[in-house]
Amino acid sequence: MITEYFLLAINSITHRKLRSWLTIIGIIIGVAAIISLITISRGLENTIETQFEQFGTNRILISSKGFQGPGTVSGGLTIKDVDTIKKISGFKYVVPGIFKAGEVKYNKEVGFTQIAALPAEDYEQFLSDANIGLEQGRVIKSNDKFSAVIGIRVAKEMFSKELRIGNKIEINKQEFKIVGILKEIGNSQDDNQINIPLETAREIFNEPNQVDVIIAQTKPGVDIPSLQKKIEKELKQKRGDTNFQVMTASQILEQINTILGIVQIVLVGIAAISLIVGAIGILNSMYTSVLERTKDIGVMKAIGARNSDILGVFLVESGLMGFVGGIFGTALGTLVALLVGKIAAQAGFLLIMKIEFPLLLFGLFFAFLVGMISGALPAYQASKLKPVDALRYE
């Protein structure tokens, strides 16, 4: 019986090709939008999680909250805050860092990018713990003053001529020698970054005491939450204010995932609007089909077709249109997501896209369900037609 319903549904759809495809296109657009947006957002989540795993879960980041409103006089982090944290036991090392936008010159060409500065003697350990490798050259060492390690995109894209080991660049009118080029990390900020020694950065940016962030690497087996509370207590006591934040990598990741989740719900909600339009298209198409085939329904009932048979024929037809739209929609949505991933990679931001088969199956099932629900009311009305009235319908 199901086979007969299926054949009748295909026959009806093929006899109304243009109208059927125009109806199905609405489902295709809706499903494609949902699949592509979910896949892209999942790719963004995968990328962030991978980078945080690379960064390390046993690190605590301390930074300033910034200006908190009129009347506040507390400033940002300073060297004193670094010394306060260093006195707390449980850390492998504590690294202060500053980050500034700086002018970079090479062969009379000028560019602007972020300059990151850590103590020269801590670079090797920091990069090792962060699993950041070198494409060429070496890391900054303790005896270096005017040496720079550059990101891969700085080397390849910042100037018309590719930068190499041994080349000299000017940062804020101070000459630096390139001693290393980092491997691609996967995000434009890090790959476009130039790393120099902290003390040298203090000189060229005239920042003798400022610290933008303090990175505290904990020892293995240390209770990180209790150490986090201890930092907060000590800094509050020494500074006399709470104009700072102490975050673990897992907390930052949790906050980012929460934001991404909200964005994903909003985007999918917007995409669902097009799916609703597609559902209305199926509803309209099925109503029209019932009107066009009223006499056929009368004939079917006159020769013994039951109400359930009529209902089944129209439900299968509407479900089939939804399913066909789901097939093309999931395929199109996946292709769009993969294309976005490639464009992002070319722009310097690595999106870890994964084709998730449960998501594709959800897209197919959801489209089929939308089709069935949209066709339910017209199918029900068709099944309730009286044979005599249907046969006399003009």
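Structure shown above.
Parameters and conventions
- Residues numbered from 1 in each chain as written.
- Predicted model: local features only at pLDDT ≥ 70, side-chain atom pairs only at ≥ 80, totals over all residues.
- Heavy atoms only, no water.
- Core = buried A, V, L, I, M, F, W, Y, C linked by side-chain atoms within 4.5 Å.
- Buried < 20%, exposed > 50% of the residue type's maximum accessible area, 1.4 Å probe, protein only.
- Helix = DSSP H or I, 4+ residues; strand = E, 2+ residues; numbered from the N terminus.
- 1 Å grid on protein atoms, 1.4 Å probe; cavity = no way out; pocket = protein on both sides within 12 Å on 5 of 7 lines; lining within 4 Å.
- Points joined across faces, edges and corners; volume = space filled by probe spheres on them.
- Nonpolar A, V, L, I, M, F, W, Y, C, P; charged D, E, K, R; others polar.
- Pairing = 2+ DSSP bridges.
- Contact = heavy atoms within 4.5 Å.
- Salt bridge = Lys/Arg side-chain N within 4 Å of Asp/Glu carboxyl O.
- Phe/Tyr/Trp six-rings, centres within 6.5 Å; stacked < 30°, edge-to-face > 60°.

### Some details on the nonpolar core
For step 1, the next point in the chain: The biggest cluster of nonpolar side chains holds 24 residues, and the ones touching the most others in it are Ile-150, Leu-163, Ile-169, Ile-171, Ile-194 and Ile-196.
For step 2, the next point in the chain: Ranked by residue count, the leading element in this core is helix α7 (residues 198–205), at 4 residues.

### Remarks on empty space enclosed by the protein
Any empty space left between the atoms is revealed when a probe the size of a water molecule rolls over them.
For step 1, the next point in the chain: Tallied over the full model, the rule gives 1 cavity of 30 Å³ or more.
For step 2, the next point in the chain: Taken as a whole, the largest cavity holds about 30 Å³ of empty space.
For step 3, the next point in the chain: If you go around the largest cavity, the residues you meet are Thr-39, Thr-334, Lys-354, Ile-355, Glu-356, Leu-359 and Leu-360.
For step 4, the next point in the chain: Split into classes, the residues belonging to the lining of the largest cavity amount to 3 nonpolar, 2 polar and 2 charged.

### Overview of the pairing of strand β9 (residues 194–197)
For step 1, the next point in the chain: Direction of pairing for strand β4 (residues 109–118) relative to β9: parallel, over a ladder of 4 bridges. Its bridge partner lying in β9, Ala-116 is registered against Asn-195.

### A word on the environment of Asn-58
For step 1, the next point in the chain: Counting through the fold element by element, Asn-58 comes out in the loop between α2 (17–55) and β1 (59–64).
For step 2, the next point in the chain: Along the backbone, Asn-58 and Ser-250 are 192 residues apart, and their C-alpha atoms lie at a distance of 9.1 Å.
For step 3, the next point in the chain: Ignoring sequence-local partners within four residues, the contact set of Asn-58 consists of Ala-216, Gln-217, Thr-218 and Ile-224.

### A look at the pattern of salt bridges
For step 1, the next point in the chain: The final tally for this structure, using the stated rule, is 9 salt bridges.
For step 2, the next point in the chain: One salt bridge in this structure joins Glu-207 and Lys-100, with 3.4 Å as the shortest N-O distance. One end of the pair, Glu-207, is in the loop between α7 and β10 (210–211); the other, Lys-100, is in strand β3 (residues 91–106), with 107 residues separating them in the sequence.

### Quick word on the pairing of β4
For step 1, the next point in the chain: Sheet topology places β3 next to β4; 9 bridges connect them, and they run antiparallel. When the sheet's bridge partners are listed, Val-104 is paired in β4 with Gly-111.

### Quick notes on the layout of surface pockets
For step 1, the next point in the chain: Here the second largest pocket is characterised by a volume of approximately 220 Å³.
For step 2, the next point in the chain: Residue lining of the second largest pocket: 18 residues in total, with Pro-96, Pro-119, Glu-121, Leu-198 and Glu-199 positioned closest to the centre.
For step 3, the next point in the chain: Taken together, the elements giving at least two residues each to the lining of the second largest pocket come down to α3 (79–86) and α7.
For step 4, the next point in the chain: Considered class by class, the residues forming the lining of the second largest pocket number 8 nonpolar, 2 polar and 8 charged.

### Let's talk about the packing of aromatic side chains
For step 1, the next point in the chain: Throughout the structure, instances matching the rule amount to 5 aromatic pairs.
For step 2, the next point in the chain: Measuring from centroid to centroid gives 5.4 Å for Phe-362 and Phe-366, while their planes differ by 15°, and the two rings are stacked. A residue pair is termed a helical-turn pair when its members lie 3 or 4 positions apart in one helix, as Phe-362 and Phe-366 do in helix α12 (residues 357–383) at 4 residues.

### Comments concerning the side chain of Thr-248
For step 1, the next point in the chain: Note on placement: Thr-248 falls in strand β12 (residues 244–248).
For step 2, the next point in the chain: Note on Thr-248: relative accessible area 4%, which makes it buried.
For step 3, the next point in the chain: Ignoring anything within four residues of it in the chain, the contact list for Thr-248 reads Arg-59, Ile-60, Ile-224 and Gln-228.

### Describing the environment of Glu-199
For step 1, the next point in the chain: Within the secondary structure layout, Glu-199 lies in helix α7.
For step 2, the next point in the chain: Put simply, Glu-199 and Ala-117 are 82 residues apart on the chain and 8.2 Å apart in space, counted from C-alpha to C-alpha.

### Considerations on the environment of Val-82
For step 1, the next point in the chain: Mapped onto the fold, Val-82 is located in helix α3.
For step 2, the next point in the chain: Taking the relative accessible area as the measure of exposure, Val-82 reaches 3% and is therefore buried.
For step 3, the next point in the chain: C-alpha of Val-82 to C-alpha of Ala-216: the two residues are 134 residues apart in sequence and 9.5 Å apart in space.
For step 4, the next point in the chain: The residues touching Val-82, leaving out its near neighbours within four places in the chain, are Val-94, Pro-96, Val-211 and Ile-214.

These figures come from the coordinates and say nothing about function on their own.
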